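Listed below, chain by chain, are the residues.
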Amino acid sequence: MWRGRAGALLRVWGFWPTGVPRRRPLSCDAASQAASNYPSCWNCGGPWGPGREDRFFCPQCRALQAPDPTRDYFSLMDCNRSFRVDTVKLQHRYQQLQRLVHPDFFSQRSQTEKDFSEKHSTLVNDAYKTLLAPLSRGLYLTILRGQAWWLAPVIPALWEAKAGGSQHQEFKTSLVKMLKLHGIEIPERTDYEMDRQFLMEIMEINEKLAEAESEAAMKEIESIVKAKQKEFTDNVSSAFEQDDFEEAKEILTKMRYFSNIEEKIKLKKIPL
């Protein structure tokens, strides 16, 4: 049941897991017919479609077009669809795209292009934030690889703590909305079983954080959390490379617990 609903979720987003048959290959005539059905440029009426190299501007009049709904974040940010991402290259791509589509560069253009630039800029921001953070990158990659079904029982554990930052909350909200749209209800809490020893470790770190009053104590906790997150990041990368999604989902859930602690550390550093 989850797999069927996950398929509907992926179809709405325009994604389909690699290696899963979707439809028969088109014949030459059918391909030509499909190409003729590509949307034309809203400004000059010239042919324009998502298969073209330049997915932002009309090749004839150079008017900015609507975002391509079939393009995933990895493609948009020119990254391989892998957990391992070159973050320096990712940042350069982000800056490059914002120079192309940021609303500030369209203040003297038509209202249509202004609206499109807002949508493009928001999409680029979302893609950058999602792929930059290992946790959100792992969740997104899991969805793209057709494993969205396991997120339903795990999501509550991922966002169990109340100290999540705005970026995590936005990601949670959009994902939960999309899952609910396809009948996947997300309970407030979950009985998803975590390793008892791991949960005890989380409790101990939270207790130390609550009691920490000196800068040295805070730095010690930060060091522990950073080391654990690096360990998890390396392990989940290996799990994805081996297509071991059971292992990946367990590690991602643990990463979320430590991400919550990271947010609590940031909040505690803010002077009252």
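Here's a quick rundown of the structure. (Residues numbered from 1 in each chain as written. Predicted model: local features only at pLDDT ≥ 70, side-chain atom pairs only at ≥ 80, totals over all residues. Heavy atoms only, no water.)

## Side note on the overall build of the protein chain
Part 1 of the reasoning: The number of helices and strands found in the protein chain is 11 helices and 0 strands.
Part 2 of the reasoning: Along the protein chain, from the amino end to the carboxyl end, the secondary structure elements read α-α-α-α-α-α-α-α-α-α-α.
Part 3 of the reasoning: In the protein chain, which comprises 272 residues, the proportion classed as buried is 42%.
Part 4 of the reasoning: Summarising the internal contacts of the protein chain: among those between residues at least 6 apart in sequence, 63% fall at separations of at least 24.
Part 5 of the reasoning: With the model as given, the accessible surface of the protein chain reaches about 15,800 Å², and the carbon-plus-sulfur share is 50%. (Helix = DSSP H or I, 4+ residues; strand = E, 2+ residues; numbered from the N terminus. Buried < 20%, exposed > 50% of the residue type's maximum accessible area, 1.4 Å probe, protein only. Contact = heavy atoms within 4.5 Å. Areas by Shrake-Rupley, 256 points an atom, 1.4 Å probe, with all protein chains shown as cover.)

## Concerning helix H5 (residues 111-132)
Part 1 of the reasoning: A rise of 1.5 Å per residue sets the reference length of H5, with its 22 residues, at 32 Å; its end C-alpha atoms lie 32 Å apart and thus fit the reference within 8%.
Part 2 of the reasoning: When H5 is considered as a whole, its buried residues turn out to be Glu113, Phe116, Ser117, His120, Ser121, Val124, Ala127, Tyr128, Thr130 and Leu131. (Expected span 1.5 Å × (residues − 1).)

## Brief notes about the nonpolar core
Part 1 of the reasoning: In this structure, Phe74, Met77, Val236, Phe240, Phe258 and Ile261 are the most contacted members of the largest nonpolar core, which totals 45 residues.
Part 2 of the reasoning: Among the elements of the structure, helix H3 (73-76), helix H4 (87-101), H5, helix H6 (134-144), helix H9 (196-211), helix H10 (215-241) and helix H11 (245-269) are those that each provide at least two residues to this core.
Part 3 of the reasoning: Filtering out sequence-adjacent residues up to four positions away, Phe258 remains in contact with Phe198, Glu201, Ile202, Ile205, Val225, Lys228, Gln229 and Phe232. (Core = buried A, V, L, I, M, F, W, Y, C linked by side-chain atoms within 4.5 Å.)

## Some words on the packing of H4 against H5
Part 1 of the reasoning: Across the interface, H4 lies against H5 with an axial gap of 10 Å and an inter-helix angle of 175 degrees. Judged on the interaxial angle alone, H5 and H4 are roughly antiparallel. Two secondary-structure elements touch here, H4 through Thr87, Leu90, Gln91, Tyr94, Leu97, Gln98 and Val101 and H5 through Ser117, His120, Ser121, Val124, Asn125, Tyr128, Leu131 and Leu132.
Part 2 of the reasoning: Considering only residue class, the contact of H4 with H5 consists of 8 nonpolar, 7 polar and no charged. (Axes fitted to C-alpha atoms, helices over the stretch in contact; angles between N-to-C directions. Parallel < 35°, antiparallel > 145°, perpendicular 65-115°, else oblique. Nonpolar A, V, L, I, M, F, W, Y, C, P; charged D, E, K, R; others polar.)

## Comments concerning the packing of H10 against H11
Part 1 of the reasoning: Look at H10 against H11: their axes get within 9 Å of each other, and the N-to-C directions meet at 155 degrees. As judged from the angle between their axes, H10 and H11 are roughly antiparallel. Judged by the sense of rotation from one axis to the other, the crossing of H10 with H11 is left-handed.
Part 2 of the reasoning: Per-class residue counts for the contact of H10 with H11 are 15 nonpolar, 4 polar and 7 charged. (Left-handed = near helix turned anticlockwise from the far one by under 90°.)

## Side note on the pattern of salt bridges
Part 1 of the reasoning: What the rule picks out here adds up to 11 salt bridges.
Part 2 of the reasoning: A salt bridge links Arg81 to Asp72, with the nearest nitrogen and oxygen atoms 2.3 Å apart.
Part 3 of the reasoning: Its relative accessible area of 7% is what places Asp72 among the buried residues.
Part 4 of the reasoning: Taking the shortest distance from any N to any O, the salt bridge between Glu241 and Arg84 comes out at 2.6 Å. (Salt bridge = Lys/Arg side-chain N within 4 Å of Asp/Glu carboxyl O.)

## Some details on the packing of aromatic side chains
Part 1 of the reasoning: With the rule as written, the count across this model stands at 10 aromatic pairs.
Part 2 of the reasoning: Here Phe198 and Phe258 contribute two aromatic rings whose centre-to-centre distance is 6.0 Å and whose plane-to-plane angle is 55 degrees, an arrangement assigned as tilted. One end of the pair, Phe198, is in helix H9; the other, Phe258, is in helix H11, with 60 residues separating them in the sequence.
Part 3 of the reasoning: Aromatic rings pair up to connect Phe198, Phe232, Tyr257 and Phe258 into one cluster.
Part 4 of the reasoning: Stacked on the ring of Phe83, the Lys or Arg Arg137 has its end atom at 5.0 Å from the ring centre.
Part 5 of the reasoning: Of note, Lys254 hangs over the ring of Phe198, and the distance from its end group to the ring centre comes to 5.2 Å. (Phe/Tyr/Trp six-rings, centres within 6.5 Å; stacked < 30°, edge-to-face > 60°. Lys NZ or Arg CZ within 6 Å of the ring centre and 35° of its normal.)

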